[in-house]
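These are the residues of each chain, in order.
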Amino acid sequence: MTENIGVLGTKSPRRSGVERVVNAPLPTVYGKFQAIGYLDHDRGDEQVALVYGDIDSDRVLTRLHSECLTGDAFGSQHCECGDQLAAALRAVVAEGSGIVVYLRGHEGRGIGLLGKLRAMALQAEGLDTVEANLALGLPVDARDYGVAAGILSDLGVRSVRLMSNNPRKRESLERHGIEVAETVPLLIEPCENNITYLRTKRERLDHVLPHLDAVAHWS
Ligand SMILES: [Zn+2]
């Protein structure tokens, strides 16, 4: 049996779940957030929740944003992640309070950055996002929302209004004990570069994207 030895040499019980480590003010172009940092003891990931205003325990406007380096930082038009992140941050500021949990380890629906880039290379050759993951022997969606539920619980949240188009995200969060009082659509205007990807998300991953019906001229 192995035991964790603390930095001072004292034995400490093995921790699990998420631990709140730090709370720092984070002024952004959207508004002034608190960046609350967590350590996920199960996977070793560092996670952060951006909290705006005074949070209630119920019906908190919330986004669980899956990390996407290419979309969030580089402005990639392959996906709509960057626009969704910005829209979510704007929405909680407009609301006066809310939470954006930024989930690391979720690149490419959980296949990692290099896996995602390999899948994007295959999509450039004509495979769709689902076929590409499968062709690489990787899962179509390996994301887990247990960490997000742990962070929300730590913040005193019992129920959320979830900004998402993905019914599987809602189901997963509820399985982990956070009630989803309402789903708030987060619809981003498609562009020529992502319309095929968005249609695949709707048709093969059950995302609710009714606004794509209005787009016909790129098909
Ligand atoms: Zn993305």
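Cut-offs applied
Each chain carries its own residue numbering, running from 1 in the direction its sequence is written. Owing to the predicted nature of the model, reporting of local features is limited to residues with pLDDT of at least 70; listing and counting of side-chain atom pairs is limited to 80 or more, with chain, interface and lining totals taken over all residues. The side-chain values count all of the structure's non-hydrogen atoms but skip hydrogen atoms and water molecules. Listed donor atoms are N, O and S within 2.8 Å of the metal (Na, K and Ca: 3.2 Å). As water is not included, a site may look incomplete. Helix and strand definitions here come from DSSP, where helices need a minimum of 4 consecutive H or I residues and strands a minimum of 2 consecutive E residues; each element is numbered from the N-terminal end. Here's how the labels work: a residue is buried when its accessible area is under 20% of the maximum for its type, exposed when over 50%, partly exposed in between, all with a 1.4 Å probe on protein chains only. Every case where a carboxyl oxygen of Asp or Glu lies within 4 Å of a side-chain nitrogen of Lys or Arg is listed as a salt bridge. Two strands make a pair as long as DSSP finds a minimum of two bridges between them. In this analysis, axes come from line fits to C-alpha atoms, helices being fitted only over the stretch in contact, and the angle between any two N-to-C directions falls in the range 0 to 180 degrees. Between two residues, a contact is recorded if the distance between any of their heavy atoms is within 4.5 Å. Patch members must show over 30% relative accessible area and no salt bridge, and they are joined within 9 Å when carrying like charges or within 5 Å when they are nonpolar side chains of Val, Leu, Ile, Met, Phe, Trp or Tyr. Each accessible area value is a Shrake-Rupley result obtained with a 1.4 Å probe; residue values ignore everything except the protein chains displayed when judging cover. pLDDT runs from 0 to 100 and stands for how confident the predictor is about each residue. By this rule, a helix spans an expected 1.5 Å times one less than how many residues it contains. Buried Ala, Val, Leu, Ile, Met, Phe, Trp, Tyr and Cys residues form a nonpolar core when they are joined through side-chain atoms within 4.5 Å.

Novice: So what about the coordination of the zinc ion? Which residues, and what values?
Specialist: For the zinc ion, the full set of protein donor atoms is Cys-68 (SG), Cys-79 (SG) and Cys-81 (SG), at a range of 2.1 to 2.2 Å. Written as a sequence motif, the donor residues of the zinc ion are C-x10-C-x1-C. Here Cys-81 lies in helix H2 (residues 81–95) and Cys-68 lies in the loop between strand S6 (60–66) and helix H1 (69–73), a separation of 13 residues in the sequence. The two residues Cys-68 and Cys-81 agree in class, both being buried.

Novice: Account for the pattern of salt bridges, with residues named and values stated.
Specialist: Enumeration over the complete set of coordinates arrives at 13 salt bridges. Here Arg-161 and Glu-95 are joined by a salt bridge, their closest N and O atoms 2.6 Å apart. Remark: Glu-95 occurs in helix H2 and Arg-161 occurs in strand S8 (residues 159–163); sequence separation between them is 66 residues. The exposure class of Arg-161 is buried, given its relative accessible area of 15%. By relative accessible area, Glu-95 is classed as partly exposed at 42%.

Novice: For the sheet that holds strand S9 (residues 179–184), give the residues involved together with the corresponding values.
Specialist: Pairing is mixed in the open sheet, where seven strands are placed in the order S3-S4-S5-S7-S6-S8-S9. Either end of the sheet is taken by a strand with one partner, and the two such strands are strand S3 (18–27) and S9. Taken over all neighbouring pairs, the strand axes of this sheet differ in orientation by 25° on average, direction set aside. Sheet topology places S6 next to strand S7 (residues 98–103); five bridges connect them, and they run parallel. By the bridge assignment for S7, Arg-63 is matched with Val-100. Running over the sheet, helix H6 (residues 146–154) touches S3, strand S4 (32–40), strand S5 (46–52), S6, S7 and S8 and is turned about 145° from S7.

Novice: Can you break down H6 residue by residue, with the values?
Specialist: Owing to its 3.6 residues per turn, the α-helix aligns residues three or four sequence positions apart on the same side. Listing the buried residues of H6 in full gives Val-147, Ala-148, Ala-149, Ile-151 and Leu-152. Phi turns positive, to about 80°, at Gly-156, one or two residues after H6.

Novice: Which residues make up a nonpolar patch on the surface, and what values do they have?
Specialist: There is a patch of nonpolar side chains on the surface, built from Leu-69, Phe-74, Leu-113, Leu-114 and Leu-117 and spanning about 470 Å² of accessible area. Checked against the element boundaries, Leu-113 lands in helix H4 (residues 113–124).

Novice: Describe the confidence of the model for the chain, with residues and values.
Specialist: Residues with a pLDDT of 70 or more make up 92% of the chain, whose mean pLDDT is 90. This stretch, residues 1–6, has a pLDDT under 50; its non-local contacts, to residues over four places away or in other chains, come to eight contacts.

Novice: Go over unusual backbone geometry with me, naming the residues and quoting the values.
Specialist: Its identity is not glycine, yet Arg-59 carries a phi of approximately 55°, on the positive side. The residue Arg-59 is located in the loop between S5 and S6 in this model. Residue class for Arg-59 comes out partly exposed when judged on its relative accessible area of 42%. Despite not being glycine, Asp-206 shows a phi value in the positive range, around 65°. Positionally, Asp-206 belongs in the segment after helix H8 (195–205). Judged by its relative accessible area of 42%, Asp-206 is partly exposed.

Novice: Explain H2 residue by residue, including any values.
Specialist: Under the 1.5 Å per step criterion, the end-to-end length of H2 is 21 Å for 15 residues, consistent within 8% with the ideal 21 Å. Residues of H2 that are buried make contact with S4, S5, S6, H1, S7 and S8. Within two residues after H2, Gly-96 carries a phi angle of roughly 100°, on the positive side.

Novice: Kindly report on the pairing of S5, identifying the contributing residues and their values.
Specialist: Counting buried positions along S5 yields five of seven residues, so the element is predominantly enclosed. In the sheet, S4 pairs with S5 via six bridges, with the strands oriented antiparallel. Residue pairing across strands places Ile-36 opposite Ala-49, the latter belonging to S5. Taken together, S4 and the strand that follows it, S5, pair antiparallel across an intervening segment of five residues, in which Gly-44 is found at a positive phi of about 85°.

Novice: An account of the nonpolar core is requested, with residue identities and associated values reported.
Specialist: Nonpolar side chains tend toward joint burial in soluble globular proteins. Membership of the largest hydrophobic core comes to 22 residues, with the highest contact counts inside it found for Leu-64, Ile-99, Val-101, Leu-152, Leu-155, Val-160 and Leu-173. Of all the secondary structure elements, the ones that give two or more residues to this core are S4, S5, S6, S7, H6 and S8. With five residues, the single largest contributor to this core is H6. For Leu-173, the residues in contact, after removing those within four places along its chain, are Leu-64, Tyr-145, Ala-149, Leu-152, Val-160, Leu-162, Ile-178 and Val-180.

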